[in-house]
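Structural features, examined
What follows is each chain in one-letter form.
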Amino acid sequence: MSTVVLVGAQWGDEGKGKITDFLAWQAEMVVRYQGGNNAGHTVVANGQTYKLHLIPSGILYADKQCLIGNGVVIDPGVLLQELDTLTEQGVNTSNLRISPRAHVIFPYHQSIDIAEEESKGNLRIGTTCRGIGPAYTDKASRVGMRMIELVDQDELAENLRHTIEAKNKVLSRLYGVEEFFEYNTMLEQYTGYAERLKKYVADVSVLVNNAIDRGAKVLFEGAQGTLLDLDHGTYPYVTSSHPIAAAACLGAGLGPTRINTVVGVAKAYITRVGEGPFPTELHNKLGELIREQGFEFGTTTGRPRRCGWYDAVIARYAARVNGLTYLAITKLDVLSGLETLKICTGYRYKGEIINDFPASLKLLAQCEPVYHEFPGWQEDISAVTDYNDLPQAAKDYLKYLEELSGVPVAIVSVGAERDQTLVLKKIF
Ligand code: GDP
Ligand code: IMO
Ligand code: MG
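Just so we're clear, the structure is a prediction, and the values are computed from it rather than from any experiment.

**Focus: the nonpolar core**
Looking at soluble globular proteins, one finds that nonpolar side chains tend to be buried together. Among the nonpolar cores identified, the biggest contains 61 residues, and F220, Y310, L332, L390 and Y397 are the most heavily contacted of them. Top contributing element to this core by residue count: helix α13 (residues 392-405), with seven residues. One finds V30, I55, L83 and F181 within the second-largest nonpolar core, a separate group that totals 60 residues.

Listed below in C-alpha cells is the structure:
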C-alpha cells in the first residue's frame, strides 16, 4: 500500500501545489479532499505557470487520474473556467473525476459570504469571499445541493426553487442586501454547467479504494493549512473545512488504515492571508522584503500575504495533529541574502515558556515568541540540485527545523520550478 497525504503545515500557501506536482509523477492518482476555490495552488513546470483552484495538481501529467472528493465544495463556473484554461494551455483534462457527493457552490453562497464579512466589521475573518463558509454551512444544515443533484435536471429544478426563495430572504432580511436571485436565470445557468460537468461525475470512493487494492500509488492533496482547520486552527480565523490529514479519509471516502505516509509542507518562514493571530509576524521592512523576495501575494485573491519567521511551535503542532511522517520545506531560496535568520522555538507567556500551540486566542495574543538566531547565507541557492551543495548555514537551519519538530525533512524546495527540488528521502 502506498498512499501519501500532503498537507499544509502552516496557514496555507506553503507550496502544496508545487510539491504535489513534484510527487505526482510517481503516483497513479491525485485526489483533492477538502476546501474549494478558496485554494490557489501554483505549479511552474517547464517555464509555464499553472494556477489551480479545484483541480488536483497532478493534472499536468497526461496519464494521472485526478479526483475531486466528496469533501470539496465546487463552484461549477470556476471549475469549468479552470478546465478551459488548462485546455488552452495544452493540458489533457479528460482524466478528471468528481464525486457525486461533493457539494455545489451557488451565487447566493458568495453573496452571503460577502454580506457576513461586511456585517462583522473589525471582526471580519478576511475570507476569500468565494462562498466557501456558506456552502459548508448548508452542507452541515442539510440544505445543500450535491453534484448528483446538480446533474439531475428534476432535482436541480426542484431544489433550487425552495433554496432561492430562502436565500433571497436571508440576504434581504438578515443583511439588508437587495440582491434578488432569479430562479429561471440561475436554473438555466446551472443546467448549462451540469450539461458540461456530468461526464466527469464518478464514485471517487470506489475509484480510490480500488486503486489502493491493486497497489497503485495514491497522493492526496490538501488545501489550506493546519492552522486554518475548522477544529484545530486559530478559530474563528479559519476556513470551514478540515485541511488536516484525517480529512483525506472523510473527504475521499476511505478508512484511516489505508493511509501510510503524511507529508507536511512548510515554508522556510511563514505567511498568512486574511485576519487572525500570527505570533511571529514581522511588521517591519524585513517582513516587506520577504514579501517581495518570496512574491507573497495570494494566488486566488492577489492580497499581500503577511510574513514572519518560521514558527516551530506551529510545526510541532502540525506534526501532532496530522501525524506527520516527513516535512517538505519550501522557499528556502527566499531567505538567501539575509544577514540573520530567526526561528521561534517557543512562546513566552507571563514569564513561562509554552511549547504547545494554545487554543485560546486571548492567550496567544499575549504570547511573545522566543527566538533562536542563525547566521544567514549570502549565496543564491536556486540552482542547487543536491542537498550537500547547500551552504553550511542553510543545512544548519534545516537541521534545526528538523530537530525542533522531530520530523525528518524529506524535500527542500529552492525555487518555483519543478526541477528546483532537492530530495533527501524517498516518499513513495
Ligand atoms: P499552495 O497554496 O500551498 O499551493 O501555495 P501557493 O501556490 O499559493 O503559493 C506558493 C508560491 O510560491 C507559488 O507562487 C509557487 O510557485 C511558489 N513557490 C513554491 N515553492 C517555491 C520555492 O521553493 N521557491 C520560490 N521562490 N517559490 C516557490
Ligand atoms: P491554499 O490551498 C491561504 C484563508 C482566508 C481567510 C480564511 C477563511 O492556497 O493554501 P475562506 O474563504 O476559506 O472562508 O477564508 O482562510 N484561506 C487561505 N489562506 N491559502 C489558502 O488556500 C486559503 N484558503 C482560505 O484568507 O483567512
Ligand atoms: Mg495557495
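Still more to cover.
**Points about the coordination of the magnesium ion (ligand 3)**
Looking at the metal site, the magnesium ion (ligand 3) is ligated by D13 (OD) and G40 (O), spaced 2.0 to 2.2 Å from it. In this pair, D13 is assigned in the loop between β1 (2-8) and α1 (16-24) and G40 in the loop between β2 (29-32) and β3 (41-45), connecting sequence segments 27 residues apart.

**Comments concerning the domain arrangement of the chain**
Taken domain by domain, the chain consists of domain 1 (2-91 + 203-423) and domain 2 (103-200). Each of domain 1 and domain 2 has a C-alpha centre, and the two are 29 Å apart. Roughly 2100 Å² of surface becomes buried between domain 1 and domain 2 when both sides are summed, with 60% attributable to carbon and sulfur atoms. Of all residues in domain 1, the largest losses of buried area upon contact with domain 2 belong to V73, P76 and L80, amounting jointly to 26% of the total for that side. At the surface where domain 1 touches domain 2, the tally comes to two salt bridges. Here E275 ties to R124 by a salt bridge, and the two come within 3.6 Å at their closest N and O atoms. At the junction of domain 1 with domain 2, the criterion picks out seven residue pairs in polar contact (both at pLDDT 80 or more). Secondary-structure elements contributing two or more residues to the side of domain 1 that touches domain 2 are β6 (73-74) and α2 (76-88).

**Observations regarding the pairing of strand β9 (residues 217-221)**
With respect to burial, β9 is a largely interior element, four of its five residues being buried. In this sheet, β9 lies alongside β1 in parallel orientation, the contact comprising five bridges. Paired with L6 across the strands is E221, a residue of β9. Summarising the sheet, β2 and β9 pair through four bridges and their orientation is parallel. When the sheet's bridge partners are listed, V30 is paired in β9 with L219.

**Things to note about the packing of aromatic side chains**
For any pair of aromatic rings, the description consists of the separation of the ring centres together with the inter-plane angle of the planes. Counting across every chain of the model gives eleven aromatic pairs. Ring plane angle 70° and centroid distance 4.9 Å describe the contact between Y190 and Y193, whose orientation is recorded as edge-to-face. Highlighted residues: Y190 and Y193, both in helix α7 (residues 183-197), separated by three residues, approximately one helical turn. Exposure remark for Y193: the relative accessible area of 18% places this residue in the buried category. Here F295 and F297 contribute two aromatic rings whose centre-to-centre distance is 5.2 Å and whose plane-to-plane angle is 55°, an arrangement assigned as tilted. Residue class for F295 comes out exposed when judged on its relative accessible area of 59%. These aromatic residues form a ring-pair network of at least three members: F106, Y108, F181, Y190 and Y193. When the ring centre of Y61 is taken as origin, the NZ or CZ atom of K64, which lies over that ring, is 5.5 Å away. It is K395 that lies over the ring of Y387; its NZ or CZ is 5.9 Å from the centre.

**A word on the environment of P391**
Among the secondary structure elements, P391 is positioned in the loop between β17 (368-375) and α13. Between the C-alpha atom of P391 and that of Q378, which follows or precedes it by 13 residues, the distance is 8.8 Å. Residues in contact with P391, not counting those within four places in the same chain, are W377, E379 and I381.

**Topic: the sheet that holds β2**
With respect to topology, nine strands assemble into an open sheet ordered β7-β5-β2-β9-β1-β10-β14-β18-β19, the strand pairing being mixed. Here the strands that pair on one side only, and so sit at the sheet edges, are β7 (96-98) and β19 (421-423). Averaged over all pairs of adjacent strands, the angle between their axes in this sheet comes to 20°, without regard to strand direction. Pairing between strand β5 (residues 65-68) and β7: three bridges, direction parallel. Opposite C66, over in β7, you have L96 as the bridge partner.

**Let's talk about the site of ligand 2**
Lining the immediate surroundings of ligand 2 are 20 residues, of which D13, K16, H41, T128 and T239 lie closest. One of the backbone N or O atoms of G40 is found 2.9 Å from an oxygen atom in ligand 2. V273 places a main-chain nitrogen or oxygen 3.2 Å from an oxygen atom of ligand 2. Protein contact buries 97% of the 550 Å² of open area that ligand 2 shows by itself. Broken down by class, the residue content of the shell around ligand 2 amounts to seven nonpolar, ten polar and three charged. Formed jointly, the shell around ligand 2 draws a minimum of three residues from each of two domains, domain 1 (2-91 + 203-423) and domain 2 (103-200).

Here is what the cut-offs are and how they apply
- Residues numbered from 1 in each chain as written.
- Chains lettered and ligands numbered in written order.
- Predicted model: local features only at pLDDT ≥ 70, side-chain atom pairs only at ≥ 80, totals over all residues.
- Heavy atoms only, no water.
- Core = buried A, V, L, I, M, F, W, Y, C linked by side-chain atoms within 4.5 Å.
- Buried < 20%, exposed > 50% of the residue type's maximum accessible area, 1.4 Å probe, protein only.
- Helix = DSSP H or I, 4+ residues; strand = E, 2+ residues; numbered from the N terminus.
- Donors = N, O, S within 2.8 Å, 3.2 Å for Na, K, Ca; no water.
- Domains from an automatic or database assignment.
- Buried area = accessible area lost by both parts, 1.4 Å probe.
- Salt bridge = Lys/Arg side-chain N within 4 Å of Asp/Glu carboxyl O.
- Polar contact = N/O pair within 3.5 Å; in protein donor to acceptor, adjacent residues only side chain to side chain.
- Pairing = 2+ DSSP bridges.
- Phe/Tyr/Trp six-rings, centres within 6.5 Å; stacked < 30°, edge-to-face > 60°.
- Lys NZ or Arg CZ within 6 Å of the ring centre and 35° of its normal.
- Contact = heavy atoms within 4.5 Å.
- Axes fitted to C-alpha atoms, helices over the stretch in contact; angles between N-to-C directions.
- Near = heavy atom within 4 Å.
- Areas by Shrake-Rupley, 256 points an atom, 1.4 Å probe, with all protein chains shown as cover.
- Nonpolar A, V, L, I, M, F, W, Y, C, P; charged D, E, K, R; others polar.

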